Amino acid sequence: MNWKIRKSMKQTEQAILVLIAVFFLAGCNAGSPSGSDQIETAFVDSILTTLTVQDKVGEMTQLTLGAIAVGSPYNLVEPQELDTAKVRKALLDYRVGSILNCGNHEHSPEKWHEFISGIQTAAASKSSGIPVLYGVDAIHGATYTAGAILGPQQIGLAATWNTELVRAGAENTAKEVAASGIPWNFSPVVDLGRDPRWPRFWETFGEDPYLAGQMGVAMVSGFQDGPSPIAATLKHFLGYGLTLSGKDRTPAWIPERQLREYFVPSFQACVDAGAMSIMVNSGEMNGIPVHSNKTILTDLLRDEMGFEGVVVSDWEDVKYLVTRHRIAHDYKEAARMAVEAGIDMAMVPLDLEFSDALIELVEEGTISEQRLDVSVRRILTMKYRLGLFETGGFPPSLDTYPLKESLEGSAALAALQSITLLKNEGQHAVFTDQPILPLGGKGTVFVTGPTAHSLNALNGGWTGTWQGMDPTYNTPGRPTLVEAIESRFGSDRIAREDLTMEFTDDDIERVVKSIRRTRPECVVLGLGEMPYTEIVGNIDDISLFANQKALVRAIHATGTPIIAVFIEGRPRPFADVEPMMDAIVMAYLPGDYGGDAIAQVLDGSFNPSGRLPFTWPRFASTHMTYDHKYTEQIGTQFGTDAFNPQFQFGDGLNYSHVTYSNLQSAQTEYAMNDVMEFTVTITNASDRSVAEVVHLFSQDSVATITPSVNRLRAFQRVTLNPNETKEVRFELGVQELAFINRDLDRVVEPGSFGIRVKDDVIGIHIHSN
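Just so you know, these numbers come straight off a predicted model, no measurement behind them.

**Focus: helix H7 (residues 163–179)**
- End to end, H7 covers 24 Å across 17 residues, agreeing with the expected 24 Å (1.5 Å per residue, within 8%).
- Listed as buried for H7 are Leu 165, Val 166, Ala 170, Glu 171, Asn 172, Thr 173, Ala 174, Glu 176, Val 177, Ala 178 and Ala 179.
- Contact partners of the buried residues in H7: helix H5 (109–124), strand E5 (133–136), helix H6 (154–160), strand E6 (184–185), helix H8 (209–225) and helix H16 (408–418).
- The N-capping residue of H7, defined by a side-chain oxygen 3.3 Å from the backbone nitrogen of Glu 164, is Asn 162.
- Of the residues one or two after H7, Gly 181 is the one with positive phi, at around 95°.

**A word on the sheet that holds strand E7 (residues 233–237)**
- Pairing in this open sheet of three strands is parallel, and the strands run E7-E8-E11 from one edge to the other. The strands lining the two open edges of the sheet, one partner per strand, are E7 and strand E11 (310–312). Neighbouring strand axes in the sheet, compared pairwise and without regard to direction, differ in orientation by 25° on average.
- Pairing of strand E8 (residues 277–280) with E11 involves three bridges; the strand directions are parallel. Its bridge partner being in E11, Met 279 is matched across the sheet by Val 312.
- Sitting on the sheet, helix H9 (residues 256–272) touches E7 and E8, and the angle it makes with E7 is about 155°.

**Focus on the packing of H7 against H8**
- Orientation of H7 relative to H8, taken along the N-to-C sense of each, is 35°, at an axis distance of 7 Å. Once H7 is placed against H8, the crossing between them reads as right-handed. Side by side, H7 and H8 meet where Thr 163, Val 166, Arg 167, Ala 170, Glu 171, Thr 173 and Ala 174 of the first sit next to Gln 214, Met 215, Ala 218, Met 219, Ser 221, Gly 222, Phe 223 and Asp 225 of the second.
- Looking at the contact of H7 with H8, its residues break down into seven nonpolar, five polar and three charged.

**Remarks on the pairing of strand E17 (residues 562–567)**
- The element E17 is extensively covered by neighbouring structure, given that six of its six residues are classed as buried.
- Side chains of E17 alternate between two faces, with Ile 562, Ala 564 and Phe 566 and Ile 563, Val 565 and Ile 567 buried alike.
- The pairing of strand E16 (residues 522–528) with E17 spans six bridges and is parallel. If you follow Leu 525 over to E17, its bridge partner there is Ala 564.
- Inspection of the sheet shows E17 paired to strand E18 (residues 583–586) by four bridges, in the parallel sense. Counterpart to Ala 564 in the pairing with E18 is Ile 584.

**What about the pattern of salt bridges?**
- Throughout the structure, instances matching the rule amount to 48 salt bridges.
- One salt bridge connects Glu 261 with Arg 711, and the closest N-O pair in it is separated by 2.9 Å. Highlighted residues: Glu 261 in helix H9 and Arg 711 in strand E23 (residues 711–720), separated in sequence by 450 residues.
- Overall, the relative accessible area of 12% leaves Arg 711 in the buried class.
- Here Lys 332 ties to Glu 364 by a salt bridge, and the two come within 2.6 Å at their closest N and O atoms.

**Examining the side chain of Arg 378**
- Relative to the helices and strands, Arg 378 is located in helix H14 (residues 369–385).
- Apart from the residues within four sequence positions on either side, Arg 378 is in contact with Arg 302, Glu 308, Gly 309, Val 310 and Asp 344.

**What to know about the nonpolar core**
- In this structure, Ile 99, Phe 237, Phe 354, Phe 566 and Met 581 are the most contacted members of the largest nonpolar core, which totals 166 residues.
- Residues within four places of Phe 354 in sequence aside, it is in contact with Met 60, Thr 61, Val 318, Tyr 331, Ala 335, Val 339, Ala 346 and Val 348.
- Counting residues in each nonpolar core, the second largest holds 40 residues, with Cys 522, Val 601, Leu 602 and Tyr 655 among its members.

**Re the confidence of the model for the protein**
- Of all residues in the protein, 95% have pLDDT values of 70 or greater, and the mean over the chain is 94.
- For the stretch residues 4–18, pLDDT sits under 50, and the model shows 21 contacts to residues farther than four places along the chain or on other chains.
- Segment residues 20–26: pLDDT under 50, and five contacts once partners within four positions in sequence are set aside and those in other chains are kept.

**Quick word on the sheet that holds strand E24 (residues 725–733)**
- Ordered by their spatial adjacency, three strands build an open sheet running E19-E21-E24, and the pairing between neighbours is antiparallel. Sheet topology places strand E19 (658–665) and E24 at the edges, where each strand pairs with a single neighbour. Averaged over all pairs of adjacent strands, the angle between strand axes in this sheet comes to 20°, irrespective of strand direction.
- Note that strand E21 (residues 675–684) and E24 share nine bridges and pair antiparallel. Note that in E24 the partner of Ile 682 across the bridge is Lys 726.

Definitions and cut-offs
- Residues numbered from 1 in each chain as written.
- Predicted model: local features only at pLDDT ≥ 70, side-chain atom pairs only at ≥ 80, totals over all residues.
- Heavy atoms only, no water.
- Helix = DSSP H or I, 4+ residues; strand = E, 2+ residues; numbered from the N terminus.
- Expected span 1.5 Å × (residues − 1).
- Buried < 20%, exposed > 50% of the residue type's maximum accessible area, 1.4 Å probe, protein only.
- Contact = heavy atoms within 4.5 Å.
- Polar contact = N/O pair within 3.5 Å; in protein donor to acceptor, adjacent residues only side chain to side chain.
- Pairing = 2+ DSSP bridges.
- Axes fitted to C-alpha atoms, helices over the stretch in contact; angles between N-to-C directions.
- Left-handed = near helix turned anticlockwise from the far one by under 90°.
- Nonpolar A, V, L, I, M, F, W, Y, C, P; charged D, E, K, R; others polar.
- Salt bridge = Lys/Arg side-chain N within 4 Å of Asp/Glu carboxyl O.
- Core = buried A, V, L, I, M, F, W, Y, C linked by side-chain atoms within 4.5 Å.
- pLDDT = per-residue confidence, 0-100.

Structure (structure tokens):
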């Protein structure tokens, strides 16, 4: 039923009058974007002028599904049902305008429709009749809808270096999320992953601002501009991922220049792409919790960056200003701080204390009703743009739910393109003059390791449940790594010994005995981590687990070649056992289609094309990024060998032989407003097609701020047929070489620059206009 029909008679009359004016404006501005804007503004104003303070505070309040379901939020009665009394209190008495989350685990589309329909039916009875805005974390597919298509997590998507594929995957996610009745997605993360200790590293697009921005824009566009648009949310503004300790939600010290140089650009790119909402960093930066930081949330985000959408807090973070950060004496003071800083909606999410506190602040005059209007206008505008006033927020017919077969292609391809081959030595079982991969022969392939038989390991956190650890919610029929290898190679060729993460020396002895008995041609060893996210994933030692290293040593002692497959969300150092591995494959968290993707790379069905979106440290205390400074290269003997990672940003091998040559610039001198043109020739000197990711880096020779050794400025994913040569062309504006100077301005300084592609560097000169 249309939202306007459900309003009271007085409100209906007001709405009709406004609509007459709106349609008049539309006629006067037919085909004009400003006409559409006027329609939207007039409609939102017509609602806003009818709202009470309680209505407005309700719109700024977000509760979790568990707060209105039968049971307690963390111990809900199964099967889950809405609690009529709680729903009435939250939606009718307190006029709560937004609900989130899943009640602690995924639900079928039918169950989602039951929840959403029940909530919106109650919302229709509110005095305002405004539909509820429902949000969920669908971060690598519709992660809380049972049976949904689950692709790689963001760190794996970044390894594809394929923005078109990322957009396609986001479009498909939006189709399933929207079909579940949910219009708001808390994704993508456009924080940077520059410290692999951080437990949300795998939720990022890696360490580089440009790559994160390009991938983020693709995902925002896929969510919001596709055939089933839902709202995207940029997470987590700002500086969340670079804590001093490497642990989640702990203090970060980031000077303003570095903040603007590295952490703002990816958010700015996505703001410019039209992202509808932003979620705030749960931590503190330079001693100020970001939820209370007006300089960040208003002066920077609104006034400088031009963001006009909704700013939502993260989980319980307004209350944490009291209980964790200790900058507020009570909830009322915390609510004041958050609202004054620029929060539009508080993810409360368990109680109604925020609403009570904010109403009291307005009644006593501490917070003006006009300040509420600013936030509520943004929230109503978002609801309008999502079509909630046309549909009442009710879910579409289940008959419109997309067919799985129409969605799984992009997820499966993303998993394939993410797999990154980092080492390929050893000796092939048949062609002894070739490296061990792809596997050939007819001998036994032995599969073991703690991640080899786990679908949970392939998917990571935010899968079925928050931590992604419960196999009850795994997608039926999707293979683990060992199951996919059995399918590809034939079960008669496969021997296996399954291990848990806590395997012991006795388990290692069992594996070794089995290897000696079966005499395989190689061991495929699944290493890495089980799922985690947020504080639960905090660690004290980033090194690869001791028992996994012991397993590598024991298998190596048998003389059997080792193909190490890392299934993990962060790069764990393993330098002491790396020489014992004949091949190394990084699979990241590739999702439900990851097992088969790895198997296709191992058997050669797919020519690997993934490239690292981060720097893999060689040792636990050496997590430097690729864009380090020149002084960070100075070693203990005063050479320039201190930057010595296990694998570098952008690394990745394939089964072809690709060469680079003839890097050229259209000219050697450029002015400040010029567009530079660079070309490089790449050749596939092999008899199979290959996808090559070509990176272009800049090197500022001298600058008033110490320059990085390299900065990524562009990339292209190029497909080459057998024995094909292509010229790859880059166009780059001179202003894209800019950096943040001492005055906090983004500038390009005249002087000499190097342009690097692969191992070739050419020089150019930038002069003043």
